[in-house]
Amino acid sequence: MNEKQNNHEIIRRMRRKSLRNSLLNYGIVIVVFAIMQTMIATGHISSLLKGLLVPLCVYVIAALSLNLVVGISGELSLGHAGFMCIGAYTSAFFSNVVGDSMPDLPRFILAILVGAVFAGIFGILIGIPVLRLKGDYLAIVTLAFGEIIKNLLNVLYVGVDSHGLHFSTTSAMDLNMEPTGRQIVKGALGISGTPKNSTFTIGVVLIIITLIVVQNLVNSRSGRAIMSTRDNRIAAESIGIPVTKYKLLAFSVSASLAGVAGVLYAHNLATLNTKKFDYNTSILILVFVVLGGIGNMTGSMIAAVILTALPEMLRFLNNYRMLIYAIVLIVIMLFNWAPASLDFRSRMRERLWKKHGSDAEGGR
Amino acid sequence: MAMLDVTKLSISFGGLHAVDDFNLNIEKGELYGLIGPNGAGKTTVFNLLTGVYKPTEGIIRLDGKDITGKSTIEINRAGIARTFQNIRLFKDMPVLDNVKAGFHNHYKYSALTGILRLPRYREIENTMDERSMDILKVFDLDKEADLMAGNLPYGKQRKLEIARALATEPKLLLLDEPAAGMNPNETAELMETIRFVRDEFDMTILLIEHDMKLVAGICEKLTVLNFGRTLAQGVTSEVLSDPAVIAAYLGE
Ligand SMILES: Nc1ncnc2c1ncn2[C@@H]1O[C@H](COP(=O)(O)OP(=O)(O)OP(=O)(O)O)[C@@H](O)[C@H]1O
Ligand SMILES: [Mg+2]
């Protein structure tokens, strides 16, 4: 075998490996989706689990998006609930204003875009000043951002009448609207009457889209630039990679995807308020990412599903619920990060990989 | 016109004159050595040339263009690439991707093209893969292309750093102690490779090295630094027989 073919063989092998890793994730999502759909169709699903399907999608998307920042870009964000909040509020506002003047599906697709774009813009606004600094400032600033957004929205009143939009930060009365005007954002009461457009199917489609965005980005020129700045900032600069630009790219794409999670969340509830978007949620998403394995997209999804569903499933245990939850957290962590299981997983992957590769490599 | 023209370059940290009134002229295609005892200021010169530190005084010209005070990124784009004394690889990325990252400014497509996997993505990735493998081949690293860079043995990590630097297609290559930690066999092999790189890639090379055999074997000219000041400068054989150099550096 001559040299040139040899070169190609090793590259083909690397490409097959990365393709297989990506396909595995799409496969898991589709299989779980098919199982759930069958269970729904045959009536083998509790109403509790059924009600959890959309929130599960929300947290899976949120975990994937945060993993892009934490695992791929190597930065810490403690304010991802803030970006979800932006996505939720802007999209719910949009859907309420547009109302019935547009059919459901196109309106919801636009609402998703609105949430993604606004959350992305906030990501850029925060990222530009902070990501230029060397050091872990992002964690502090995003933590503050999440709380500030929440508190601002708590006192925000917005209404619409024939003159257009009216804003106030004191009370509904101060909106000074015509009697026919419609109040949309009602301070701490939030936004009510948002159309319930979120379905499990749409949630799964959004998970797949999120996976495509994250995985294709990682396996591209930009992804290499992002990971090079994570692995060694000085070396990345020495080969001419604009470090800040790529940290900003990862962060704003992530913020935007978190916004999409927020849109899905907002269109699953009759009433949207800021309660859910506090730092507890941001930390919870971080827990999914850390437990699932930093940089490991499959792990993020599994951790998000188990840790979202579990507390609900364990409700009947009352007071023991949090105890069991804590034990499961510890077990997952031990299982996922133990050297023996890391080793086992890499061996399994190797085996699978060899088996598939052996035909093509037969002539070696 | 010299490829690299440095005049009166100086920097001090607090009261310490780490580099003082440093002058250097390197012609295109030259293999130039920078030597001196520990703490002489050699790495600091590299950090000045690549914009990691800003000089307190002096001018740096590359191919006639003033690059003094420019950022590391701009300087790399202008044509200077380097390796590091303490290896700085992208450890959690495959060997191949370390080199592909080096091609960042030469083969471009947008993030969106990557996400949407437009035809341009495949086309450019193919070219990058080919060219990266060609470079890895030079350093005998092509068989390890799929290993994580952090899992390579030490000597190969040093070579991969050179490969990555070459991928940025520089005019001037700076090597900071490329043979550090290598055994005599590896060092001899590295000397061959450096010479090959100079000839094959038409490269101008400035290298820092403590291994005198390597320096005497491949460098055409030398500058000797001591306590930030230039002790001697010129053709290798003459510099190495200079009594001042022997006294201050080689004699100890
Ligand atoms: N950022 C810095 N701040 C303060 N002092 C510095 C800094 N960088 C270098 N120095 C000092 O400048 C002097 C020259 O250091 P440099 O690393 O350039 O030496 P070197 O010639 O490369 O030595 P070695 O052979 O050990 O690598 C040393 O005294 C060092 O402590
Ligand atoms: Mg040094």
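Residues numbered from 1 in each chain as written. Chains lettered and ligands numbered in written order. Predicted model: local features only at pLDDT ≥ 70, side-chain atom pairs only at ≥ 80, totals over all residues. Heavy atoms only, no water.

## As for the overall build of chain B
Thought 1: On a plain count of helices and strands, chain B comes out with 10 helices and 10 strands.
Thought 2: Computed over C-alpha atoms, the radius of gyration of chain B comes to 19 Å, within 12% of the 18 Å expected from 2.2 N^0.38 for 252 residues, which places it in the range of a compact globule.
Thought 3: Considering only C-alpha atoms, chain B reaches an extent of 60 × 40 × 35 Å along its principal axes.
Thought 4: Looking at the 252 residues of chain B, the share that counts as buried comes to 55%.
Thought 5: The contacts of chain B with a sequence gap of at least 6 include a subset with a gap of at least 24, amounting to 66%.
Thought 6: When the accessible surface of chain B is totalled, it reaches about 10400 Å², and 51% of it is carbon and sulfur.
Thought 7: Computed over 29 positive and 36 negative side-chain charges, the separation of the two mean positions in chain B equals 5 Å. (Helix = DSSP H or I, 4+ residues; strand = E, 2+ residues; numbered from the N terminus. Rg over C-alpha atoms; globule rule 2.2 N^0.38 Å. Buried < 20%, exposed > 50% of the residue type's maximum accessible area, 1.4 Å probe, protein only. Contact = heavy atoms within 4.5 Å. Areas by Shrake-Rupley, 256 points an atom, 1.4 Å probe, with all protein chains shown as cover. Lys, Arg positive; Asp, Glu negative; His and termini not counted. Charge placed at Lys NZ, Arg CZ, Asp CG, Glu CD.)

## Focus: the domain arrangement of chain B
Accessible area lost on assembly of the parts is the figure often given for the size of an interface.
Residues and elements named next belong to chain B.
Thought 1: The assigned domain composition of chain B is domain 1 (1-79 + 172-189 + 204-252) and domain 2 (84-169).
Thought 2: Each of domain 1 and domain 2 has a C-alpha centre, and the two are 27 Å apart.
Thought 3: Of the residues lining the interface, 13 residues belong to domain 1; the matching set on domain 2 comes to 11 residues.
Thought 4: With both sides pooled, the region where domain 1 packs onto domain 2 buries about 1000 Å², and carbon together with sulfur makes up 53% of that total.
Thought 5: Scanning the region where domain 1 abuts domain 2 turns up one salt bridge.
Thought 6: The salt bridge partner of K159 is E189, with a shortest N-O separation of 2.8 Å.
Thought 7: On the surface where domain 1 and domain 2 come into contact, there are six residue pairs in polar contact (both at pLDDT 80 or more).
Thought 8: At three residues, the largest contribution of residues to the side of domain 1 that touches domain 2 is made by strand β7 (residues 172-176). (Domains from an automatic or database assignment. Buried area = accessible area lost by both parts, 1.4 Å probe. Salt bridge = Lys/Arg side-chain N within 4 Å of Asp/Glu carboxyl O. Polar contact = N/O pair within 3.5 Å; in protein donor to acceptor, adjacent residues only side chain to side chain.)

## Section: helix α9 (residues 243-266) of chain A
Since the α-helix turns once every 3.6 residues, residues separated by three or four places project in the same direction.
Thought 1: With 24 residues, α9(A) extends 35 Å between its outermost C-alpha atoms, agreeing within 8% with the 34 Å of an ideal straight helix rising 1.5 Å per residue.
Thought 2: Across the 24 residues that make up α9(A), a large majority, 21, are buried. (Expected span 1.5 Å × (residues − 1).)

## What to know about the interface of chain B and chain A
Thought 1: Contact with chain B, which involves 45 residues of that partner, is made by 38 residues of chain A.
Thought 2: Taking both sides of the interface into account, the surface hidden between chain B and chain A amounts to around 3500 Å²; carbon and sulfur atoms contribute 58%.
Thought 3: Viewed at the interface, chain A and chain B are joined by three salt bridges.
Thought 4: Across the pair R13(A) and D146(B) runs a salt bridge, and its minimum N-O distance is 3.3 Å.
Thought 5: On the surface where chain B and chain A come into contact, there are 18 residue pairs in polar contact (both at pLDDT 80 or more).
Thought 6: Within the residue set of the side of chain B that touches chain A, elements represented by two or more residues are α2 (72-78), β6 (80-82), α3 (95-102), α4 (111-116) and α5 (119-138) of chain B.
Thought 7: If one sorts the elements of the side of chain B that touches chain A by residue count, α5(B) sits on top with 10 residues.

## Structural notes on the coordination of the magnesium ion (ligand 2)
Angles at a metal have ideal values that depend on geometry: 109.5 degrees with four tetrahedral donors, 90 or 180 degrees with six octahedral donors.
Residue and element names in this part refer to chain B.
Thought 1: Bound to the magnesium ion (ligand 2) are the protein donor atoms T43 (OG1) and Q85 (OE1), situated 1.9 to 2.1 Å from the metal. Remark: Q85 occurs in the loop between β6 and α3 and T43 occurs in helix α1 (residues 42-49); sequence separation between them is 42 residues.
Thought 2: Owing to a relative accessible area of 24%, T43 belongs among the partly exposed residues under this scheme. (Donors = N, O, S within 2.8 Å, 3.2 Å for Na, K, Ca; no water.)

## So, the sheet that holds strand β4 (residues 57-62) of chain B
All names here are of chain B.
Thought 1: Taken in spatial order, the four strands make up an open sheet running β2-β1-β4-β5, and their pairing is antiparallel. Either end of the sheet is taken by a strand with one partner, and the two such strands are β2 (16-26) and β5 (65-66).
Thought 2: The pairing of strand β1 (residues 4-13) with β4 spans five bridges and is classified as antiparallel. Bridge pairing links D5 to R61 in β4.
Thought 3: Here α1 sits on the sheet in contact with β1, β2 and β4, set at roughly 115° to β1. (Pairing = 2+ DSSP bridges. Axes fitted to C-alpha atoms, helices over the stretch in contact; angles between N-to-C directions.)

## A closer look at the site of ligand 1
Residue and element names in this part refer to chain B.
Thought 1: With respect to spatial proximity, 14 residues lie near ligand 1, and among them G39, K42, T43, T44 and Q85 are the closest.
Thought 2: Contact between ligand 1 and G39: an oxygen atom at 2.9 Å from a main-chain N or O atom of the residue.
Thought 3: For ligand 1, an oxygen atom lies 2.8 Å from a polar atom in the side chain of K42.
Thought 4: Across the complex, the protein chains shield 64% of the 630 Å² of accessible surface that ligand 1 would expose by itself.
Thought 5: Those elements that provide at least two residues to the shell around ligand 1 are β2 and α1.
Thought 6: With three residues, α1 is the single largest residue contributor to the shell around ligand 1. (Near = heavy atom within 4 Å.)

## Points about a nonpolar patch on the surface
All names here are of chain A.
Thought 1: Residues Y320, L323, I324, I327 and V331 make up a contiguous nonpolar surface patch of about 480 Å² in total accessible area.
Thought 2: Turning to its location among the elements, V331 is positioned in helix α12 (residues 321-337).
Thought 3: Judged by its relative accessible area of 48%, V331 falls in the partly exposed class. (Patch = residues over 30% accessible without salt bridge, like charges linked within 9 Å, V, L, I, M, F, W, Y side chains within 5 Å.)

## A look at the nonpolar core
Residue and element names in this part refer to chain A.
Thought 1: Counting residues in each nonpolar core, the largest one holds 106 residues, and the members touching the most others are F83, M84, I191, I207, L211, L272 and F277.
Thought 2: The element best represented in this core is helix α2 (residues 47-72), accounting for 16 residues.
Thought 3: Those residues in contact with I207 that sit more than four places away from it in its chain are V29, C57, V60, I61, L64 and M301. (Core = buried A, V, L, I, M, F, W, Y, C linked by side-chain atoms within 4.5 Å.)

## Considerations on unusual backbone geometry
Residues and elements named next belong to chain B.
Thought 1: Positioned with a positive phi, D21 is a non-glycine residue whose angle comes to about 50°.
Thought 2: Within the fold, D21 resides in strand β2.
Thought 3: At F227, a position not held by glycine, the phi torsion is positive, near 50°.
Thought 4: Relative to the helices and strands, F227 is located in the loop between β9 (221-226) and β10 (229-235).
Thought 5: Residue classification places F227 among the exposed residues on the basis of a relative accessible area of 70%.

## Structural notes on the side chain of E125(B)
Thought 1: Relative to the assigned elements, E125(B) resides in helix α5.
Thought 2: The contact partners of E125(B), leaving out residues within four places of it in the chain, are R15(A), S220(A), R221(A), R224(A), K100(B) and Y109(B).

## Concerning the confidence of the model for chain B
For any part of a model where pLDDT is low, the fine detail of the predicted coordinates should not be relied upon.
All names here are of chain B.
Thought 1: Summary statistics for chain B give a mean pLDDT of 94 and a share of 98% for residues scoring 70 or more.
Thought 2: The weakest mean pLDDT in chain B belongs to helix α10 (residues 243-250) at 77; the strongest belongs to α3 at 98.
Thought 3: In the model output, the complex is listed with pTM 0.90 alongside ipTM 0.94. (pLDDT = per-residue confidence, 0-100.)

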